[in-house]
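Examination of the molecular architecture
Listed below, chain by chain, are the residues.
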Amino acid sequence: SIVMATDAKITQRNIMQATMMNKLLIITMLLLHPSSIQSFVTSLSFRICHDVLEGGSLPSSILYETSSGEDQMTAQERILREAGLWEEDAVGSQKASAIALEKERDDQIKRNILVAFVSTFLAISNFFWQYSHPVTDVQLLASMQQKSAPVSTIGTNGKPTVVDFWAPWCENCKASAPTLNKVEEEYDGKVNFVMINADQGNPWPFIEAFGVDAIPHLALVNSEGDVMTALIGPTPKSVLEADLDVLLRNSKEDGSTEDLPYVMLDVFKDKPERRRVHFDQ
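Residues numbered from 1 in each chain as written. Predicted model: local features only at pLDDT ≥ 70, side-chain atom pairs only at ≥ 80, totals over all residues. Heavy atoms only, no water.

1. Observations regarding the pairing of strand β1 (residues 161-166)
Counting buried positions along β1 gives 6 out of 6 residues, so the element sits mostly inside the fold. One ladder, built from 6 bridges, connects β1 with strand β2 (residues 192-197); its direction is parallel. Among the inter-strand pairings, F165 is bridged to a residue of β2, identified as I196. In this region the chain leaves β1, passes through helix α7 (residues 171-186) and returns to the parallel neighbour β2; the handedness of that crossover is right-handed. Bridge analysis of β1 against strand β3 (residues 217-221) gives 5 bridges, and the strand direction is antiparallel. Note on β3: the bridge partner recorded for D164 is L218. (Buried < 20%, exposed > 50% of the residue type's maximum accessible area, 1.4 Å probe, protein only. Helix = DSSP H or I, 4+ residues; strand = E, 2+ residues; numbered from the N terminus. Pairing = 2+ DSSP bridges. Right-handed = clockwise from strand over helix to strand, strands pointing away.)

2. With respect to the sheet that holds β3
As summarised here, the arrangement of the 4 strands in space is β2-β1-β3-β4, forming an open sheet in which the pairing is mixed. Each of the sheet's edge strands pairs with one partner strand only, and the pair in question is β2 and β4 (227-232). The average undirected angle you get between the axes of adjacent strands in this sheet is 20°. Contacting β1 and β2, helix α6 (residues 137-146) runs over the sheet at an angle of about 120° to β2. (Axes fitted to C-alpha atoms, helices over the stretch in contact; angles between N-to-C directions. Contact = heavy atoms within 4.5 Å.)

3. Regarding the confidence of the model for the protein
Chain-level pLDDT for the protein is 77 on average; 63% of the residues reach the 70-or-more range. In this model residues 1-10 is a low-confidence stretch, pLDDT under 50, and it forms 0 contacts with partners more than four residues away in sequence or in other chains. Taken as a whole, residues 55-70 scores under 50 in pLDDT and shows 23 contacts with residues more than four places along the chain or in a different chain. (pLDDT = per-residue confidence, 0-100.)

4. Considerations on a nonpolar patch on the surface
Side chains of L114, F117, V118, F121 and L122 sit close together on the surface and give an oily, nonpolar patch of about 540 Å² of accessible area. If you trace the backbone, L114 turns up in helix α5 (residues 86-132). Relative accessible area serves as the criterion here: at 53%, L114 is assigned to the exposed category. (Patch = residues over 30% accessible without salt bridge, like charges linked within 9 Å, V, L, I, M, F, W, Y side chains within 5 Å. Areas by Shrake-Rupley, 256 points an atom, 1.4 Å probe, with all protein chains shown as cover. Salt bridge = Lys/Arg side-chain N within 4 Å of Asp/Glu carboxyl O.)

5. With respect to the layout of surface pockets
Counted as a void, the largest pocket has a volume near 320 Å³. Considering the residues around the largest pocket, the lining is formed by 15 residues, among which N222, M228, N250, T257 and E258 are closest to the centre. Considered class by class, the residues forming the lining of the largest pocket number 4 nonpolar, 7 polar and 4 charged. Counted as a void, the second largest pocket has a volume near 200 Å³. In terms of lining residues, the second largest pocket is bounded by 14 residues, among which Q145, M195, I196, N197 and F206 are the most central. With 4 residues, β2 is the single largest residue contributor to the lining of the second largest pocket. (1 Å grid on protein atoms, 1.4 Å probe; cavity = no way out; pocket = protein on both sides within 12 Å on 5 of 7 lines; lining within 4 Å. Points joined across faces, edges and corners; volume = space filled by probe spheres on them. Nonpolar A, V, L, I, M, F, W, Y, C, P; charged D, E, K, R; others polar.)

6. A closer look at the nonpolar core
Soluble globular proteins tend to pack their nonpolar side chains together in the buried interior. In this structure, V162, L180, Y187, V191, F193, L240 and L244 are the most contacted members of the largest nonpolar core, which totals 24 residues. By residue number, the principal contributor to this core is helix α9 (residues 237-250), which donates 5 residues. Look past the residues within four positions of V191 in its chain and what remains in contact with it is P160, T161, V162, L244 and L248. Listed in part, the 18 residues of the second largest apolar core include V151, A209, A219 and F268. (Core = buried A, V, L, I, M, F, W, Y, C linked by side-chain atoms within 4.5 Å.)

7. Observations concerning the environment of N181
Following the sequence through the fold, N181 ends up in helix α7. It is 7.4 Å that separates the C-alpha atoms of N181 and M144, two residues lying 37 residues apart in sequence. Ignoring any residue separated from it by four or fewer positions in sequence, one finds N181 in contact with L140, M144 and K147.

8. Focus on the packing of aromatic side chains
Considering all chains together, one arrives at 3 aromatic pairs under this definition. With centroids separated by 5.6 Å and ring planes inclined at 65°, the aromatic side chains of F165 and F210 adopt a geometry described as edge-to-face. Remark: F210 occurs in helix α8 (residues 204-210) and F165 occurs in strand β1; sequence separation between them is 45 residues. Between the aromatic rings of F210 and F279, the centroid separation amounts to 6.0 Å while the plane-to-plane angle is 25°, which identifies the pairing as stacked. Linking F210 in helix α8 with F279 in the segment after α9, this pair joins segments that are 69 residues apart in sequence. Grouping residues by exposure puts F210 and F279 together as buried. Of the aromatic side chains, those joined through ring pairs into one cluster are F165, F206, F210 and F279. (Phe/Tyr/Trp six-rings, centres within 6.5 Å; stacked < 30°, edge-to-face > 60°.)

Right, dumping it as structure tokens:
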């Protein structure tokens, strides 16, 4: 009976130790991983009670930290590993990272598809808008008029000049507008392009100065302000380009002079003193 009483006291003491340890473990886990406390404490409680009742003492892995080996862990980390939660958390973290990366990649693909769709839609819309609302030749001439260089640049900035006399009612002017616009874009910054609307403002001083008697009238002026020739009517692009190239070469300071390959009307052949034009504004 004495032995049985002693065994009962030892068993009771071990159970009390196990109960106290369970409480300590619950507090510890609340501080470490509150989200996994329920499943962890349940499984660990049974394990501790089993170890205490069977072995008579608490597992040394719970009371002490591992101090040997390359994989040194704290007591809490060791508990988590023995409980099977440490590796599960690591795997879960890896899965979460992979899912996040996959979601980010999917979102990027969706954004790229959206940008491509919107760009394509805008391009197609712009095409159909231009197709259904074409720019007329008169609108093109008016646009070129707005970009026109002032007449005061003629013979003053070291560049040749093309002076175009036109009117909205002039059919040949409208037919020549696309060609002249392309040439203007090609020689932008190298040649002055002056547009004079014969129906707007007071064009008569310019008409008289250039001897205009019909339109379209393209006066080609060298860099010094001398009117070299006038091209009347629709002019092929190649003809205008050839004359402009010679005017550009003649504008260099090496003193070289070439004759224009295409000369149509020399308004000042009999009036050489009026060949050079100059305008203050």
